[in-house]
Structure formats: C-alpha cells, structure tokens
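Results of the structural survey
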Amino acid sequence: MYAQSQYLRKRNDPYKWMFGLGWNVVDDNGLAFSKLLDYQNSWNYLYYPTTLSIDKYLKKGWSFDGAFSYNRYSTSKLINDSTGVKGVFAAVDASFKYSFLPRMAYYAQWLDLYFAFGAGMTYRQTMSASLTPMVSISLGANLWFSKSWGVRLQTA
C-alpha cells in the first residue's frame, strides 16, 4: 500500500540550469525610501540588456543564482541628491534562492514566486568608496510562457 501517488514520489525538478539576459534599473538618488517610483528623475537604465544571470537548481525548491549587472549614470538624473553626475555602475551577486513553484505547481505552473538572500560587490564610479560589499534580500517571480521561456521580475 502506498501513502503517496507515484507522481509525487518521482524526482520532478523544474529545471537544471536557467540562463538569463535582462535589464536593471538603478535608483541611487540618495533619498533612501522616498521617491522610489520617480522614474523620470531618479531611475538610471539603458535601452539594451544590462544583466547576465545563471541559476543552478539544487533540490526541493532551492537553487544557487549568480548575476552580473552593468549600468551608467545619466547627468540628468538625481545621483546622491545632486544632478550633473556621470559614471558607471557594476555589480556581481551570488545568492541562494527558494522557489515556491514545487508547492504551487498544482495551482499555477506559469507563476514561480521566490525569495533569495546572498552577497555581492558593487562598483559605483560616482562614489568616493567606489567598491562596496553588500548583503541582499530579494523577492521575485518568474512568469513562464512555455516550459523553456519566461520573464523574471525581481527587486533587491
């Protein structure tokens, strides 16, 4: 007699590797948590992809994620409470990610919610201490259009 169906006992990993190409937005206006959605004056972004990522699925919803991001500060945007600042932004991040997909697969296979925690290094050409280590917490979602293609939305 079995307590669980054969389907639930099979190894059913959602993926082995996930590769990503995307965009990032940098809000470095120096105003902490105010004017978060002021995209006209505070958001720095480029029109071509600026993030490369790789994700290795481990087991039971856990994966290891790495990313490299690049951006440029615009002189018309607010950087550390002043305008006219020009420079480069780059970041390297590594994190452990927990996906709720195995728990939610019965309800919505197109939606993969997750949280992640990790560490990284950020380079800001506009700062006096330009190389900064950081600890990050992220929330995000993968929206799957097919078994192989999707879109990731994430905030950290």
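Note: the structure precedes this text.
Residues numbered from 1 in each chain as written. Predicted model: local features only at pLDDT ≥ 70, side-chain atom pairs only at ≥ 80, totals over all residues. Heavy atoms only, no water.

Overview of the sheet that holds strand β8 (residues 131-144)
Think of a sheet as strands paired side by side through backbone hydrogen bonds, with each pair either parallel or antiparallel. With antiparallel pairing, the seven strands of this open sheet are ordered in space as β1-β4-β5-β6-β7-β8-β9. Both outer strands of the open sheet, β1 (17-22) and β9 (150-155), are each paired with one neighbouring strand and no more. The sheet shows a mean angle of 25° between the axes of neighbouring strands, direction not considered. (Pairing = 2+ DSSP bridges. Helix = DSSP H or I, 4+ residues; strand = E, 2+ residues; numbered from the N terminus. Axes fitted to C-alpha atoms, helices over the stretch in contact; angles between N-to-C directions.)

Focus on the environment of V151
Mapping V151 onto the fold places it in strand β9. Along the backbone, V151 and L21 are 130 residues apart, and their C-alpha atoms lie at a distance of 9.7 Å.

Structural notes on the packing of aromatic side chains
Scanning all chains against the criterion turns up ten aromatic pairs. Judged by centre distance (6.4 Å) and plane angle (80°), the ring pair of W62 and F115 falls under edge-to-face. With W62 in strand β5 (residues 62-73) and F115 in strand β7 (residues 111-124), this residue pair connects regions lying 53 residues apart in the sequence. For W62, a relative accessible area of 32% gives the class partly exposed. You can call F115 partly exposed: its relative accessible area is 29%. (Phe/Tyr/Trp six-rings, centres within 6.5 Å; stacked < 30°, edge-to-face > 60°. Buried < 20%, exposed > 50% of the residue type's maximum accessible area, 1.4 Å probe, protein only.)

Here's the deal with unusual backbone geometry
Positive phi, normally seen in glycine, also occurs at K60, with a value near 50°. By secondary structure assignment, the location of K60 is in the loop between β4 (51-59) and β5. For K60, a relative accessible area of 64% puts it in the exposed group.

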